[in-house]
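Chains, contacts and geometry: an overview
This is what each chain is made of:
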Amino acid sequence: MMNVAASSAPQEPFTGPNLNVTLSCPECKTYPPDLIERFSEGDIVCGTCGLVLSDRVVDTRSEWRTFSNDDRNGEDPNRVGDASNPLLDSEDLSTMISYVPNDGRAGRDLSRAQSKSAIDRKDSSLVAAYSKISHMCEGYQLPRVVQDASKEIYKLVHDEKRLRGKSQESIMAASICLGCRKANVGRSFLEIAALTNVPKKELGRVFKTMIQLLQEKHSNNPDVMHMTQQPVSSTSAEDLIRRFCSHLGLSTQISNAAEYIARRCKDEQILSGRSPITVAATVIYMASLIFNVDVSPARIADKAGVSDGTIKTSYKVLFEEKDKILDPSWKIDKVKLGE
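Treat the numbers as computed from the prediction; the structure is a model and nothing was measured. (Residues numbered from 1 in each chain as written. Predicted model: local features only at pLDDT ≥ 70, side-chain atom pairs only at ≥ 80, totals over all residues. Heavy atoms only, no water.)

1. Notes on the overall build of the protein chain
Across its full length, the protein chain holds 15 helices and 3 strands. In the protein chain, buried positions account for 35% of the 339 residues. For the protein chain, the accessible surface area stands at approximately 21600 Å², while carbon and sulfur atoms represent 50% of it. (Helix = DSSP H or I, 4+ residues; strand = E, 2+ residues; numbered from the N terminus. Buried < 20%, exposed > 50% of the residue type's maximum accessible area, 1.4 Å probe, protein only. Areas by Shrake-Rupley, 256 points an atom, 1.4 Å probe, with all protein chains shown as cover.)

Structure follows, in structure tokens:
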């Protein structure tokens, strides 16, 4: 009851200074001020005495700039058109002439002439190539950053003279390889070749040509130098292990152990000269044996894209150097490891 009485008691009026910032007319000092924004002149005017208080005002009203739905009596939500696309040569600053069926022959001829413009045809070919690159990347679940980087690289080199005679699919595949390298997403040549149906040898030749072109044209760009200075053969084994383990349904413990073994192999120069795919598949097989997980070399070979005989041969080399690459804290089953 005491709380109810205290809450129902009238509050005392505030007697302190008013700290609110209010724009008012210095002549008539009317409160509340009667201010009028005149967007046509860009002024703020006092409605009582007519004094101009400001000669600059930002017009926040809508600026309808597109008229695509005027003939349909509908509302067009666009204000100033599409944002400029840096991947296109025209950057969306082109003219489009619409064709109205009942507008006579002049409108049809103008629309036909505009559609034959060289710039528009070039942009159309780029849009088609970008769509195919996006389709390839989405089919292999590559992130959006790889798609954007691949499109940017494709635009830089697609019209070079040294690439004439090369198929567009091979140029797109090489662009995806460089996009993966720029985004630090590990993908091997074999995987990109399987994704794009481009032979590995042709992909390698186009890839090397594109690297030379990028080095010559953009030598001062740090992103381009990062892509071109990495080894051309493939990515490292550590970048492939986690994805292969995910495809095999292996635990994080095995993937971490495989990455540790791969780092030790790199430090000790063991399995040097073999492809990163072979190294990744071999260390995954060894890690599965250490932690008593039944994964056959044939199953690993199916996911990695190498033969099971290659895995077994490389494993023999790893087994001979096991004291250098294995962590002493691991409880190793020597029978399953091969002793």
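2. Some remarks on the packing of aromatic side chains
Given two aromatic rings, their pairing is described by the distance between the two centres and the angle made by the two planes. Overall, the coordinates contain 3 aromatic pairs when judged by the stated rule. Ring centres of Tyr285 and Tyr315 lie 5.1 Å apart, and the angle between their planes is 75 degrees; this geometry places the pair in the edge-to-face category. Remark: Tyr315 occurs in helix α13 (residues 308-320) and Tyr285 occurs in helix α11 (residues 276-290); sequence separation between them is 30 residues. Looking at Tyr285, the relative accessible area reads 15%, which means it is buried. Its relative accessible area of 10% is what places Tyr315 among the buried residues. (Phe/Tyr/Trp six-rings, centres within 6.5 Å; stacked < 30°, edge-to-face > 60°.)

3. Examining the UniProt feature "domain: GATA-type" (unreviewed entry) in the protein chain
When the UniProt feature table is mapped onto this chain, "domain: GATA-type" (unreviewed entry) is found at residues 19-51. Taken end to end, residues 19-51 is 0% helix and 24% strand, and its first and last C-alpha atoms sit 25 Å apart. (UniProt positions renumbered as here; feature names shortened; annotations may be inferred.)

4. Describing the side chain of Arg243
Here Arg243 lies in helix α9 (residues 237-248). According to the relative accessible area criterion, Arg243 is buried, its value standing at 13%. Sequence-distant contacts of Arg243, that is, excluding residues within four places in its chain, are made with Gly186, Arg187 and Glu191. (Contact = heavy atoms within 4.5 Å.)

5. Quick notes on α9
Relative to the 16 Å expected for 12 residues at 1.5 Å per residue, α9 spans 16 Å between its end C-alpha atoms, a close match to the ideal helical length. Within the sequence span of α9, burial applies to Ala237, Leu240, Ile241, Arg243, Phe244, Cys245 and Leu248. Considering only its buried residues, α9 is in contact with α6 (189-196), α10 (252-268), α11 and α12 (297-304). (Expected span 1.5 Å × (residues − 1).)

6. Remarks on the environment of Val185
Checked against the element boundaries, Val185 lands in the loop between α5 (168-182) and α6. Distance from Val185 to Val146, taken between C-alpha atoms, is 7.9 Å for residues 39 residues apart in sequence. If we ignore the near neighbours within four places in the chain, the residues touching Val185 are Leu142, Pro143, Val146 and Cys180.

7. Some thoughts on the packing of α6 against helix α7 (residues 200-217)
Running from N to C, α6 and α7 point in directions that differ by 110 degrees, and their axes come no closer than 9 Å. Classified by the angle their axes make, α6 and α7 are roughly perpendicular. Contacts from Phe189, Ile192 and Ala193 of α6 reach α7 at Lys200, Leu203, Gly204 and Phe207. Considered class by class, the residues forming the contact of α6 with α7 number 5 nonpolar, 1 polar and 1 charged. (Axes fitted to C-alpha atoms, helices over the stretch in contact; angles between N-to-C directions. Parallel < 35°, antiparallel > 145°, perpendicular 65-115°, else oblique. Nonpolar A, V, L, I, M, F, W, Y, C, P; charged D, E, K, R; others polar.)

8. Side note on the nonpolar core
Counting residues in each nonpolar core, the largest one holds 38 residues, and the members touching the most others are Ile261, Val283, Ile284 and Met286. Within the residue set of this core, elements represented by two or more residues are α9, α10, α11, α12 and α13. The element contributing the most residues to this core is α11, with 11 residues. Beyond its immediate stretch of four places on either side in the chain, Met286 contacts Ile261, Tyr315, Leu318, Phe319, Ile325, Leu326 and Leu337. Residues Ile176, Leu178, Cys180 and Leu203 belong to the second largest nonpolar core, which totals 32 residues. (Core = buried A, V, L, I, M, F, W, Y, C linked by side-chain atoms within 4.5 Å.)

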